[in-house]
Amino acid sequence: HEGRSFVIDVKPGWKEGTRITFEEAGVCFQLAQEEHPRFSRRGHDLAAVAFCGLLDLLVRGSSHEVRTLDSRTLRVRLPPRRLSVKVSGEGMPLSRPEAGRQRGDLVLNLFADWAVAADQARQWGR
């Protein structure tokens, strides 16, 4: 197979481990997935992390802008005391659409930013 070129048209939504076989050449390729700086993949769903202050987490709720893989910006609102939210249809494309679903979901997980929480605590004492 030395010196031969193979063109692989990787489809959006293909998972790690997907095999592409060129039977006439006796060659099989297997997809590997790179780590992404903002998202982790769980099947067809994407997970991302956001941070907020403790006051927002417990009392006010929080709003976050999430830049999608296709460069759109989503505004995601989490009510108070909610640690995650699912945004339907904003995950990876399904290679074989099922039951009307074209894409997985985006799950935004919220964590307290303790530096912001410390600043808020100092302000309460004033």
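All figures in this text were calculated on a predicted structure; none of them were measured in a lab. (Residues numbered from 1 in each chain as written. Predicted model: local features only at pLDDT ≥ 70, side-chain atom pairs only at ≥ 80, totals over all residues. Heavy atoms only, no water.)

Some details on the overall build of the protein
(1) Moving on: Scanning the protein from terminus to terminus reveals two helices and ten strands.
(2) Moving on: Here the protein has a C-alpha radius of gyration of 21 Å; the compact-globule value for 126 residues is 14 Å, and the former is much larger.
(3) Moving on: Projecting the C-alpha coordinates of the protein onto the three principal axes gives extents of approximately 75 × 35 × 20 Å.
(4) Moving on: Here the protein holds 126 residues, and the buried ones make up 33% of them.
(5) Moving on: A separation threshold of at least 6 residues defines the contact pool for the protein, and within that pool the share at least 24 residues apart is 45%.
(6) Moving on: If you sum the accessible surface of the protein, you get close to 8900 Å²; carbon and sulfur atoms cover 50% of it. (Helix = DSSP H or I, 4+ residues; strand = E, 2+ residues; numbered from the N terminus. Rg over C-alpha atoms; globule rule 2.2 N^0.38 Å. Buried < 20%, exposed > 50% of the residue type's maximum accessible area, 1.4 Å probe, protein only. Contact = heavy atoms within 4.5 Å. Areas by Shrake-Rupley, 256 points an atom, 1.4 Å probe, with all protein chains shown as cover.)

A word on the side chain of Asp56
(1) Moving on: Along the polypeptide, Asp56 turns up in helix α1 (residues 54-60).
(2) Moving on: Only 2.7 Å separates the side chain of Asp56 from the side chain of Arg60, close enough to count as a polar contact. (Polar contact = N/O pair within 3.5 Å; in protein donor to acceptor, adjacent residues only side chain to side chain.)

Describing the pairing of strand β1 (residues 19-22)
As a general feature of sheets, a regular strand has side chains that alternate between the two faces.
(1) Moving on: Taking every second residue as pointing to the same face, the buried face of β1 carries Ile20 and Phe22, while none of Arg19 and Thr21 on the other face is buried.
(2) Moving on: With four bridges joining them, β1 and strand β2 (residues 27-30) adopt antiparallel strand pairing. Within the sheet, the bridge partner assigned to Thr21 lies in β2 and is Cys28.
(3) Moving on: With antiparallel pairing between neighbouring strands as the criterion, β1 and β2 make up a hairpin whose turn holds four residues, including Gly26 at a positive phi of roughly 70 degrees. (Pairing = 2+ DSSP bridges.)

A few points about empty space enclosed by the protein
(1) Moving on: One pass over the structure, following the stated rule, counts one cavity of 30 Å³ or more.
(2) Moving on: Volume-wise, the largest cavity comes out at about 70 Å³.
(3) Moving on: Considering the residues around the largest cavity, the lining is formed by Phe39, Leu46, Thr68, Leu69, Asp70, Arg72, Glu90, Gly91, Met92, Arg103 and Leu106.
(4) Moving on: Counted by class, the lining of the largest cavity contains five nonpolar, two polar and four charged residues. (1 Å grid on protein atoms, 1.4 Å probe; cavity = no way out; pocket = protein on both sides within 12 Å on 5 of 7 lines; lining within 4 Å. Points joined across faces, edges and corners; volume = space filled by probe spheres on them. Nonpolar A, V, L, I, M, F, W, Y, C, P; charged D, E, K, R; others polar.)

Comments concerning the environment of Arg60
(1) Moving on: For Arg60, the position within the fold is in helix α1.
(2) Moving on: Residue classification places Arg60 among the partly exposed residues on the basis of a relative accessible area of 45%.
(3) Moving on: Remark: the alpha-carbon pair of Arg60 and Pro80, spanning 20 residues in sequence, is separated by 5.6 Å.

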